[in-house]
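# Per-entry structural report
Residue-level listing of the chains:
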Amino acid sequence: MWSWWATGPDEPPADLATRRHGTWVRFATTGDAGWDAYDDERRAAMRIDTEWTQSDGPRSQERQAWR
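These numbers were taken from a predicted model, which means no experiment stands behind them. (Residues numbered from 1 in each chain as written. Predicted model: local features only at pLDDT ≥ 70, side-chain atom pairs only at ≥ 80, totals over all residues. Heavy atoms only, no water.)

## With respect to the confidence of the model for the protein chain
- Confidence in the prediction of the protein chain, expressed as mean pLDDT, is 83, and 87% of residues score 70 or more.
- Element-level mean pLDDT values for the protein chain span from 52 in helix H1 (residues 2-7) up to 93 in helix H2 (residues 16-30). (pLDDT = per-residue confidence, 0-100. Helix = DSSP H or I, 4+ residues; strand = E, 2+ residues; numbered from the N terminus.)

## What to know about the environment of Ser60
- Within the fold, Ser60 resides in helix H3 (residues 60-65).
- Sequence spacing of Ser60 and Arg43 is 17 residues, and the spatial spacing of their C-alpha atoms is 9.1 Å.

## Re H2
- Relative to the 21 Å expected for 15 residues at 1.5 Å per residue, H2 spans 21 Å between its end C-alpha atoms, a close match to the ideal helical length.
- Following H2 by one or two positions, Gly31 has its phi on the positive side, about 85 degrees. (Expected span 1.5 Å × (residues − 1).)

## Quick word on the pattern of salt bridges
- Enumeration according to the criterion identifies four salt bridges in this entry.
- Taking the shortest distance from any N to any O, the salt bridge between Asp49 and Arg47 comes out at 3.2 Å.
- What makes Asp49 partly exposed here is its relative accessible area of 36%. (Salt bridge = Lys/Arg side-chain N within 4 Å of Asp/Glu carboxyl O. Buried < 20%, exposed > 50% of the residue type's maximum accessible area, 1.4 Å probe, protein only.)

## Remarks on the side chain of Arg43
- Examined against the element boundaries, Arg43 turns out to sit in the loop between H2 and strand E1 (44-47).
- Buried charge Arg43 goes without a salt bridge, the closest partner of opposite sign being Asp40 at 4.8 Å.
- Setting aside residues up to four positions removed in sequence, Arg43 forms contacts with Tyr38, Ser55, Asp56, Gly57, Pro58, Arg63 and Arg67. (Lys, Arg positive; Asp, Glu negative; His and termini not counted. Contact = heavy atoms within 4.5 Å.)

## Observations regarding the pairing of strand E2 (residues 53-56)
- Pairing geometry for E1 and E2, over four bridges, is antiparallel. Looking at the pairing, Arg47 lines up with Thr53 of E2.
- What sits between the antiparallel neighbours E1 and E2 is a turn of five residues. (Pairing = 2+ DSSP bridges.)

The structure is reproduced here in structure tokens:
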């Protein structure tokens, strides 16, 4: 159950675990995750998938609905 939920029905890209691990290690040791820092105005976030993409305010409409 966990592996399907985390990776979907297909096998994850071979380098995904390595890249995620490296990102967490860099963040833990330097405070730099490799993308823009989160703040309340921009709400920068990284979508981790086969391609990593940074976006500002992802799912903002859903978040606004809970206000």
